[in-house]
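# Structural characterization, general
Given next are the chains, with one letter for each unit.
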Amino acid sequence: MNIKDIAKLSGVSVATVSRVINNQPNVRPEKRELVLSVMADHGYTPNIFARGLNSKSTKSIGILCSELDDINHAKILSLLEKQLREHGFSSFLCCSGEYRPYQREHFEFLMAKQVDAIIEIGSSYGDANDLEVYREVSEQVPLIILNGFVDVPTVYSIRCDERSAICNLVEELYKRNCRHIYYLEDNTTFCAVEKRNGFLEGVNKCNLKATSKCITIPIYSNEILDAQQKIERLIRNGRRIDAILSADDLLAVGALQALNAAGLGIPVVGFNNSDFAFACTPRLTTVDNQREFLCTNAINTLMSLLDGKDAAHHIIVSPKLIEGETFKLQA
């Protein structure tokens, strides 16, 4: 139920329902009783975030992320801060400093600043204890996860369908007669696991389990160098490589360096449409996970919640392939 449903069932305007919810005058007693009765009959609970906003708002939003030196996080932070400022909001940034489930103290730091809402960049899958923290926080302020997901009904999430993107790429490469496909990964966040599952799904669909593999690069290593060395080792060992997919442009650049040195021109695809994709030769093909669109949706969701309006709890946007030179090359 939402405020429009209550108004329709009560036979009054949305404005009248809003005045009843906020206990404002200028509502005839019989209409007030009717609206309250309909709300009770249908178990409608007003948006507690919006009701007290005018009197308690600090016009500030908490932003929680793991790593500041991640080029993808930095871009998202810049987009969020810009759009929040345009809506008259400032922001508090809390960086956990590591890729793992955000702990209670990180949320408590932001809550102590009396923020009106929290936006979290990325997420893990979360165990029972983590989910309980998310539940507690989301019952006090709106909590929006950008490019992640946790299974808590009161938490809002906006993410890209990265699983399908990787799966579709495997199927496309299969059509191009690629049978030995390697996938480079470096993380265990929700999005990282989704990408990996997309690769495995594509491999299963194309019956490539015996010839296509995942390669893990340590997250706190020199990722470009490590990815380069992993591919160099495969080449030295005489392993056939038909194509390389990557969870991040950074890893794809390392793989491309190894292939260039060996004189191999095979399809290489990165992820995130970062500046790395345009700073290498040949120009890297990459998947655009629509960061700007994700941020806009997150801010729109947030403003709707703070205005007492409805908002979708789970938004999934479609990725876009930015085809550079490395996808047109053939083995």
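Above this text sits the structure in question.
In this report, we go over the structure that sits alongside the text. (Residues numbered from 1 in each chain as written. Predicted model: local features only at pLDDT ≥ 70, side-chain atom pairs only at ≥ 80, totals over all residues. Heavy atoms only, no water.)

Along strand E6 (residues 181-185), 5 of the 5 residues are buried, which leaves the element largely enclosed by surrounding structure. Judged by which residues are buried, E6 turns out to be covered on both faces: Ile 181, Tyr 183 and Glu 185 on one side and Tyr 182 and Leu 184 on the other are all buried. As paired strands, E6 and strand E8 (residues 243-246) are joined by 4 bridges and run parallel to one another. Pairing of Tyr 182 across the sheet is with Ile 244, part of E8. Viewed along the sheet, the connection from E6 through helix H10 (residues 190-205) into strand E7 (residues 213-216) turns out right-handed. (Buried < 20%, exposed > 50% of the residue type's maximum accessible area, 1.4 Å probe, protein only. Helix = DSSP H or I, 4+ residues; strand = E, 2+ residues; numbered from the N terminus. Pairing = 2+ DSSP bridges. Right-handed = clockwise from strand over helix to strand, strands pointing away.)

Take unusual backbone geometry next. For residues that are not glycine, phi is negative in most cases, and the peptide bond is trans in most cases. Residues Thr 281 and Pro 282 are joined by a peptide bond in cis, for which omega reads -5°. Its place among the elements puts Pro 282 in the loop between strand E9 (268-271) and strand E10 (285-288). Phi at Asn 272 takes a positive value of approximately 105°, unusual for a residue other than glycine. By the element assignment, Asn 272 lies in the loop between E9 and E10. On the accessibility criterion, Asn 272 (6% relative accessible area) is buried. Unusually for a residue other than glycine, Asn 273 sits at a positive phi of about 50°. Looking at where Asn 273 falls in the secondary structure, it is placed in the loop between E9 and E10.

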